[in-house]
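In case you want the letters, here they are:
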Amino acid sequence: MSSAETSQVSSLPLPPVQYVSNYTDENIRRGRAPRPPPPIHDTYSMFGNPFNADDTIIRPLESQGIKRLYPQHFDRRRELRKLNHSLLVNFLDLLDLLVKCPESPRRAEKVEDLSLLFIHIHHLLNEFRPHQARETLRVMMEQQKRQRIETAQRFQKHLDKVMEILQQALQSLPDTSDLDSKLMVPCESFEKMDASDLDDANSDACNPLDRLMCEIVDAL
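Going by the annotation in an unreviewed UniProt entry, the name recorded for the chain is Mediator of RNA polymerase II transcription subunit 7, with Laodelphax striatellus given as the source organism. Listed under Sequence similarities (unreviewed entry) in UniProt, the entry text for the chain is "Belongs to the Mediator complex subunit 7 family." For the record of the chain, the UniProt heading Subunit (unreviewed entry) holds the text "Component of the Mediator complex."

Peer 1: Can you walk me through the pattern of salt bridges in this structure?
Peer 2: Any two side chains of opposite charge can pair, given that their charged atoms come close. Within the structure shown, the criterion is met by eight salt bridges. Close ionic contact of Arg76 with Glu127 constitutes a salt bridge, the shortest N to O distance being 3.0 Å. Within this pair, whereas Arg76 is found in helix 4 (residues 76–100), its partner Glu127 is found in the loop between helix 5 (106–126) and helix 6 (129–172), the two being separated by 51 residues in sequence. Ionic contacts of the salt-bridge type, sharing partners, join the residues Glu26, Arg29 and Arg30 into one network.

Peer 1: I keep staring at the pairing of strand 1 (residues 43–46) and nothing clicks. Help me out?
Peer 2: Residues in a regular strand project their side chains so that they alternate between the two faces of the sheet. Note: strand 1 against strand 2 (residues 49–52), four bridges, orientation antiparallel. Bridge pairing links Met46 to Asn49 in strand 2. Counted along the chain from strand 1 to the antiparallel partner strand 2, the turn is two residues long, and its residue Phe47 has a positive phi close to 55°.

Conventions and cut-offs
Residues numbered from 1 in each chain as written. Predicted model: local features only at pLDDT ≥ 70, side-chain atom pairs only at ≥ 80, totals over all residues. Heavy atoms only, no water. UniProt positions renumbered as here; feature names shortened; annotations may be inferred. Salt bridge = Lys/Arg side-chain N within 4 Å of Asp/Glu carboxyl O. Helix = DSSP H or I, 4+ residues; strand = E, 2+ residues; numbered from the N terminus. Pairing = 2+ DSSP bridges.

Structure representation (structure tokens):
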């Protein structure tokens, strides 16, 4: 098997290189990238069919030169069932013609009837597109709302846990009144000390206040 036969071809063609090469990061940063084409306000052609910018999203069959097989006011589900049944019957008739009389001119008529039925079925399905778009948007917004609520609930749970830890830490701290009573040194002890005692106290390697603070820290 040759390499040409084994190579895979993309179902969608690549964009034109001469157009894509103009939109590099350097050109975009310097403002050299071409501006997008202006919106079309009149008629245009797409897939070989002419379109008007003022046309509705789902154009009626009459504007496309196609005869309508169902009335203006109808039940879409009921009409789809009828069209599906008619499609099956016409397909069986076409098979019967191909078996019994393949050269019959009715074969082309049956092919046209099948094509018309397919167009009507496709048109009815397309009329559900706006409803599908609204439902898709609704589901997307509900999903985003649910994700935000779950994120807020998780954040609130973590916040409650942090507040609980802080509350426990505050409760485990000693009472400030006990610290104040331990830190208070009677003034009479300093009054009874003469100059020599103060010199001895200053010359001591450990200050009494420092020793008291160490005892308080060890008690904690």
